[in-house]
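Residues per chain, in single letters:
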Amino acid sequence: MPERLIETLDQGLAEGTPPLPLLRDAIRESRKRLAERFHAGEPVETLVHARAGFVDQLLQRIWKHFFTEASPAALVAVGGYGRGELHPASDVDLLILVAREPDGELKEKLEQFVMFLWDVGLEVGHSVRTLEQCVEEATKDVTVVTNLMESRYLAGWESLFKEMKAATGPDRIWPSDQFFAAKFEEQKRRHARYDDSAYNLEPNIKENPGGLRDIQMIGWVVKRHFGAETLEELLHRGFLTDSEYQALMSGQRLLWKIRFALHLITGRHDDRLSFEHQRTIAREFGYTDSDQNLAVEAFMQTYYRTVKELNRLNEMLLQLFQEAILEQDHPLEITTINRRFQVSNGFLEVTNNALFLNYPFAMLELFLIMAEHPEIKGVRASTIRLVRAHLHLIDERFRQDIRARSLFLEILRQPVGITHELRRMHRYGVLGAYIPAFGRITGRMQFDLFHVYTVDEHTLMLVRNLRRFSLEQFAHEFPLCSRVFGQLVKPELIYLAGLFHDIAKGRGGDHAVLGAEDAREFCRLHDLSAYDTELVAWLVRNHLVMSTTAQHKDIEDPLVIQEFAQLVGDRSRLDYLYLLTVADIRATNPARWNSWTASLLNRLYHSTHQLLIRCLENAPGQDELIQAKQEEARRLLREQGFEEGRINDLWRELSLEHFLASDPDEIAWHTAQVLEQGDREQPLVRLRRSRSRGCDEIFIVIRDRKALFAQCTCLIDRLHLNILEARILTTDSGLALNSFFVLEHDGSHIESDLRKQEIIESIREGLVQGGEYTPVERPLPKRLLQFARKSEISIIQDVENRHTRLRILSMDRPGLLSLIAHILADQEIRLLQAKITTIGAQADDVFTITDKRGRPLVDPERLQRLVQALAERLDK
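So, a few notes on the structure that sits alongside this text. (Residues numbered from 1 in each chain as written. Predicted model: local features only at pLDDT ≥ 70, side-chain atom pairs only at ≥ 80, totals over all residues. Heavy atoms only, no water.)

## Some details on the overall build of the chain
Argument step 1. If you tally the helices and strands in the chain, you get 40 helices and 17 strands.
Argument step 2. By principal-axis analysis of the C-alpha atoms, the chain measures approximately 105 × 75 × 50 Å.
Argument step 3. Counting every position in the chain, which comprises 876 residues, the buried fraction comes to 57%.
Argument step 4. Pairs at least 24 apart in sequence give 71% of the contacts found in the chain among residues at least 6 apart.
Argument step 5. Surface summary for the chain: the accessible area is close to 38,100 Å², and the carbon and sulfur share equals 49%.
Argument step 6. Across the chain, the 111 positively charged side chains and the 130 negatively charged ones have centroids separated by 1 Å. (Helix = DSSP H or I, 4+ residues; strand = E, 2+ residues; numbered from the N terminus. Buried < 20%, exposed > 50% of the residue type's maximum accessible area, 1.4 Å probe, protein only. Contact = heavy atoms within 4.5 Å. Areas by Shrake-Rupley, 256 points an atom, 1.4 Å probe, with all protein chains shown as cover. Lys, Arg positive; Asp, Glu negative; His and termini not counted. Charge placed at Lys NZ, Arg CZ, Asp CG, Glu CD.)

What follows is the structure in structure tokens.
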């Protein structure tokens with residue numbers, strides 16, 4: 001294809017056709033044909049090199065148009081283009097090497113040359129340097145010397161190019177040991193920018209750990225130290241096995257293919273695999289939806305597994321290079337660990353290369369030794385390679401070996417190093433081999449905004465969170481969790497529950513039920529007692545229950561606490577479940593964790609703990625609970641000087657639900673605000689920090705009127721506050737007492753006095769002005785469109801409390817609660833309580849509602865009208 005285009009181009013130039021339109025047409029036609037060949041399934045390697053070759057020929061012809069053989073300059077390809085690799089929208093990186101500082105005619109010609117390249121449609125990155133400047137810049141900056149190292153001659157004075165290559169070689173500047181050390185630090189900084197994780201949700205396929213840069217890093221070191229032009233030469237030097245070479249090439253092929261597709265889709269240089277493009281590329285590559293997996297999830301699992309393998313190879317090969325380059329002259333210091341392992345210059349290694357073949361269980365012993373000896377720097381690269389080469393020996397017979405089973409459990413019982421060694425086991429492929437179900441979830445992602453890690457990464461992050469609860473230096477982060485963890489008799493049981501809690505994701509069916517069976521089987525295989533086995537299985541089976549109860553139910557309701565306590569059964573299970581729940585939520589999406597979520601779980605834990613101490617049969621009834629709260633609230637109010645009679649007069653107008661839903665401090669504060677209010681015809685707005693709930697409370701007292709709640713939510717929405725829960729109470733005399741529990745939009749508390757005053761005055765002024773507050777029905781942000789789904793609306797009758805519960809799952813967006821409030825107002829429905837939960841891109845909100853007279857909604861036709869109105873407005 002390039003040859004025919006070049007022939008046509010040459011023919012046109014020979015006939016005297018102006019070069020600018022000819023070259024533009026050739027470049028446009030080249031891009032079109034490349035795209036056609038890509039979609040037809042031609043190997044991406046061929047296309048990447050073909051585009052570079054085509055651009056070579058264009059540049060050589062353009063160079064001749066501007067310069068003669070006497071012009072003291074050379075045109076040099078650098079960077080990826082220097083390697084002969086160009087994707088559809090990649091920059092064409094050029095070095096124009098000059099014999100002297102350009103001036104006069106040469107300077108003018110160079111400017112015209114570069115301008116012409118842009119005019120014909122080539123996106124170039126260029127520099128103009130003398131030989132001396134190249135050496136000076138390369139000496140200062142390892143990135144510059146890397147570019148020059150990959151440079152390739154195109155046109156002009158070839159002797160000048162050869163001088164530059166010689167002057168910047170490792171015998172002149174940046175010897176291979178210094179080059180390796182600098183590039184290694186550069187990679188560490190790059191990985192840190194991406195949280196040292198290959199599993200980012202919208203990964204940069206070039207810069208992410210396991211991305212193209214990691215492959216290039218290996219190539220740079222090979223070229224600088226060994227003078228090798230290709231990775232294949234490492235095979236002959238014994239630094240790379242054939243399977244490792246094939247894995248590197250296969251990984252590069254996939255990443256190139258994705259990058260090529262990205263450039264075609266976006267029409268620009270784009271290396272970020274965004275949610276929007278993940279779906280498109282999955283379809284382009286032939287992935288289809290199944291009952292267990294979306295096409296995009298299957299595609300991304302392939303991607304994540306590939307970059308994980310590339311990350312492993314990068315780590316192992318760089319360690320080999322470190323030994324060969326940086327440590328070759330170091331004296332050998334050997335410390336014997338046992339007959340099977342020794343430490344050589346700080347790195348653990350086998351004493352015999354046949355160790356794993358003769359004693360496969362030693363593959364697990366390796367990780368136990370690393371946990372027991374935190375002073376060891378790492379595992380010798382040659383030993384890592386031996387582990388990888390013997391993974392096939394971790395089979396059913398291996399899992400039945402009592403030595404292997406004992407070693408695995410012993411790793412989980414170590415006082416330090418558990419997280420590090422589980423992660424190491426995962427990197428080397430041992431964890432997925434020993435627990436095959438874990439291997440199946442490796443790289444599995446869930447296409448939403450809630451789960452920010454793949455399932456395997458999330459699981460290891462959960463175990464890491466559990467470990468931090470056990471360490472004194474982190475006790476300040478989660479004091480209650482640290483205190484509870486200290487009471488666990490067998491911490492290894494919660495680590496096992498953590499490893500298995502999501503292990504059945506993607507199989508179809510209830511992953512908690514299926515995972516519990518896997519956990520039960522694993523525990524029995526490892527000779528855990530029947531009690532411990534059932535505890536681990538129970539935790540896996542119920543790992544979502546505490547979170548669901550805290551975030552979707554009214555945990556101030558004694559019946560809710562009693563139901564949850566009955567499920568838990570005893571305080572030991574409560575401790576384990578509470579810790580697992582906190583660690584799980586934190587590992588799902590750390591950004592979604594806030595003080596409100598923490599307070600919900602803490603309150604549920606404390607309430608359940610108290611009930612279990614009293615024994616379930618002695619659970620306090622509603623009357624007893626209300627009486628206890630009122631007594632404490634009275635005491636607080638009397639201390640503030642309020643008269644008993646005035647307190648009683650107000651409380652007679654309040655419903656029992658108000659006392660059940662509030663703690664004594666809240667009851668006292670609400671009462672004080674109302675009693676101190678002068679003119680009850682004017683709205684009262686108060687704001688305070690609610691430490692028991694981990695948020696801020698906006699308390700509004702005003703004469704009840706139509707659509708009042710909708711007006712309040714609209715006003716709060718305009719202030720960019722996030723409403724977490726709302727409670728609505730109307731007294732017998734028509735006074736509305738509304739509480740809104742809020743945080744700033746970023747999950748922080750309302751801090752400054754100026755901000756607090758702004759909130760109070762804006763809400764008060766808005767309520768005084770009254771009028772209609774129509775919510776702004778904003779469209780979904782573009783990023784959320786990839787996750788759009790129809791709203792799910794369900795009705796639950798709460799017979800015990802004579803309420804109706806409305807649950808709405810809808811795409812989250814600014815102003816959603818305000819919109820729902822207006823719909824309820826239009827339907828003449830009274831709202832008693834709203835619990836707001838956001839899970840990724842989806843809001844999961846529960847509303848307690850009645851009709852205008854406070855009765856549950858039971859008329860089927862009315863309920864149908866409500867559901868229809870919500871569906872029409874929410875999915876507009």
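## Section: the pairing of strand E9 (residues 684–690)
Argument step 1. Within E9, 5 of the 7 residues are buried, which leaves it mostly tucked inside the rest of the structure.
Argument step 2. One ladder, built from 7 bridges, connects E9 with strand E10 (residues 695–703); its direction is antiparallel. Bridge pairing in E10 places Val685 opposite Ile700.
Argument step 3. Where E9 folds back on E10, the antiparallel hairpin that results is connected by 4 residues, among which Gly694 adopts a positive phi of roughly 65°. (Pairing = 2+ DSSP bridges.)

## Some points on the packing of helix H12 (residues 242–266) against helix H13 (residues 275–284)
Argument step 1. Relative to each other, H12 and H13 sit at 110°, their axes nearing to 11 Å. As summarised for this structure, H12 and H13 are arranged roughly perpendicular, according to the angle between their axes. Relative to H13, H12 is oriented so that their crossing is right-handed. For the pair H12 and H13, contact is made by Ile258, Ala261, Leu262, Ile265 and Thr266 and by His277, Thr280 and Ile281, respectively.
Argument step 2. Looking at the contact of H12 with H13 residue by residue, the classes come out as 5 nonpolar, 3 polar and no charged. (Axes fitted to C-alpha atoms, helices over the stretch in contact; angles between N-to-C directions. Parallel < 35°, antiparallel > 145°, perpendicular 65-115°, else oblique. Left-handed = near helix turned anticlockwise from the far one by under 90°. Nonpolar A, V, L, I, M, F, W, Y, C, P; charged D, E, K, R; others polar.)

## A closer look at the pattern of salt bridges
Argument step 1. Summed over the entire model, instances satisfying the criterion amount to 57 salt bridges.
Argument step 2. Among the salt bridges present, the one from Arg340 reaches Glu365, with a minimum N-O distance of 2.7 Å. Separated by 25 residues along the polypeptide, Arg340 in the loop between strand E5 (334–336) and strand E6 (341–344) and Glu365 in helix H16 (residues 362–372) bring together distant segments of the chain. One exposure class covers both Arg340 and Glu365, and it is buried.
Argument step 3. A salt bridge links Arg855 to Asp851; the nearest nitrogen and oxygen atoms lie 3.0 Å apart.
Argument step 4. The exposure class of Arg855 is partly exposed, given its relative accessible area of 40%.
Argument step 5. Given a relative accessible area of 8%, Asp851 falls into the buried group. (Salt bridge = Lys/Arg side-chain N within 4 Å of Asp/Glu carboxyl O.)

## Examining helix H33 (residues 644–651)
Since one α-helical turn is 3.6 residues long, residues separated by three or four positions face the same way.
Argument step 1. Three or more residues of H33 are buried, namely Ile647, Leu650 and Trp651. Taken end-on, H33 shows its buried residues confined to a sector of 95°, consistent with a single buried face.
Argument step 2. Buried-residue contacts for H33 involve helix H32 (622–639), helix H34 (656–661) and helix H35 (664–676). (Arc of directions from axis to C-beta.)

## Focus on the sheet that holds strand E8 (residues 378–379)
Argument step 1. The 4 strands are arranged E5-E6-E7-E8 in an open sheet whose pairing can be described as mixed. One side of each edge strand has no neighbouring strand; the edge strands of this open sheet are E5 and E8.
Argument step 2. Taken together, the 4 bridges between E6 and strand E7 (residues 347–350) define a ladder with antiparallel strand orientation. Note on E7: the bridge partner recorded for Val343 is Leu348.
Argument step 3. Running at roughly 50° to E6, H16 makes contact with E6, E7 and E8 of the sheet.

## Thoughts on empty space enclosed by the protein
Argument step 1. Enumeration over the complete set of coordinates arrives at 3 cavities of 30 Å³ or more.
Argument step 2. Estimates place the volume of the largest cavity at around 50 Å³.
Argument step 3. Surrounding the largest cavity, Arg464, Asn465, Arg468, Phe469, Glu477, Phe478, Val582 and Arg586 form its lining.
Argument step 4. Element by element, the count of residues in the lining of the largest cavity is highest for helix H23 (residues 455–470), at 4 residues.
Argument step 5. Looking at side-chain class alone, the lining of the largest cavity contains 3 nonpolar, 1 polar and 4 charged residues. (1 Å grid on protein atoms, 1.4 Å probe; cavity = no way out; pocket = protein on both sides within 12 Å on 5 of 7 lines; lining within 4 Å. Points joined across faces, edges and corners; volume = space filled by probe spheres on them.)

## Some points on the nonpolar core
Argument step 1. Residues Ile258, Phe321, Phe356, Phe408, Tyr578 and Leu579 are the most contacted members of the largest nonpolar core, which totals 180 residues.
Argument step 2. The dominant element in this core, judged by the number of residues it contributes, is helix H14 (residues 295–326), at 14 residues.
Argument step 3. With near-sequence residues (within four places) excluded, Tyr578 lies in contact with Leu480, Cys481, Val484, Met546, Leu601, Asn602 and Tyr605.
Argument step 4. In this structure, Leu687, Val742, Leu824 and Ile836 belong to the second largest nonpolar core, which totals 47 residues. (Core = buried A, V, L, I, M, F, W, Y, C linked by side-chain atoms within 4.5 Å.)

## Here we look at the sheet that holds strand E4 (residues 152–156)
Argument step 1. Across the sheet, 4 strands lie side by side as E3-E2-E1-E4; this open sheet has mixed pairing. The open sheet has two edge strands, strand E3 (124–130) and E4, and neither has a second partner. Between one strand and the next, the sheet's axes are offset by a mean angle of 25°, whatever the strand orientation.
Argument step 2. One ladder, built from 5 bridges, connects strand E1 (residues 73–77) with strand E2 (residues 92–98); its direction is antiparallel. Within the sheet, the bridge partner assigned to Ala77 lies in E2 and is Leu94.
Argument step 3. Where helix H3 (residues 44–66) meets the sheet, its contacts fall on E1, E2 and E4, and the angle it forms with E4 comes to roughly 30°.
Argument step 4. Where helix H8 (residues 158–167) meets the sheet, it contacts E1, E2 and E4, and its direction lies at approximately 100° from that of E2.

## Concerning the environment of Trp596
Argument step 1. Relative to the assigned elements, Trp596 resides in helix H31 (residues 595–614).
Argument step 2. Measuring from C-alpha to C-alpha, the distance between Trp596 and Asp696 comes to 9.3 Å, with 100 residues separating the pair along the chain.
Argument step 3. Once residues lying within four places of it in the same chain are set aside, the contact partners of Trp596 are Arg693, Gly694, Cys695, Leu724, Glu725, Phe741 and Leu743.

## As for helix H5 (residues 104–120)
Argument step 1. Over its 17 residues, H5 runs 25 Å from end to end, which matches the ideal 24 Å to within 8%, given 1.5 Å per residue.
Argument step 2. Buried residues of H5: Leu106, Leu110, Phe113, Val114, Phe116, Leu117 and Val120, and no others. Along the axis of H5, the buried residues cluster in a sector spanning 155°; they form a single face. Residues of H5 that are exposed and point over 90 degrees away from its buried face: Gly104 and Met115.
Argument step 3. Where H5 is buried, its residues touch helix H2 (19–39), H3, E1, E2 and E3.
Argument step 4. Once H5 ends, the next one or two residues include Gly121, with phi positive near 105°. (Expected span 1.5 Å × (residues − 1).)

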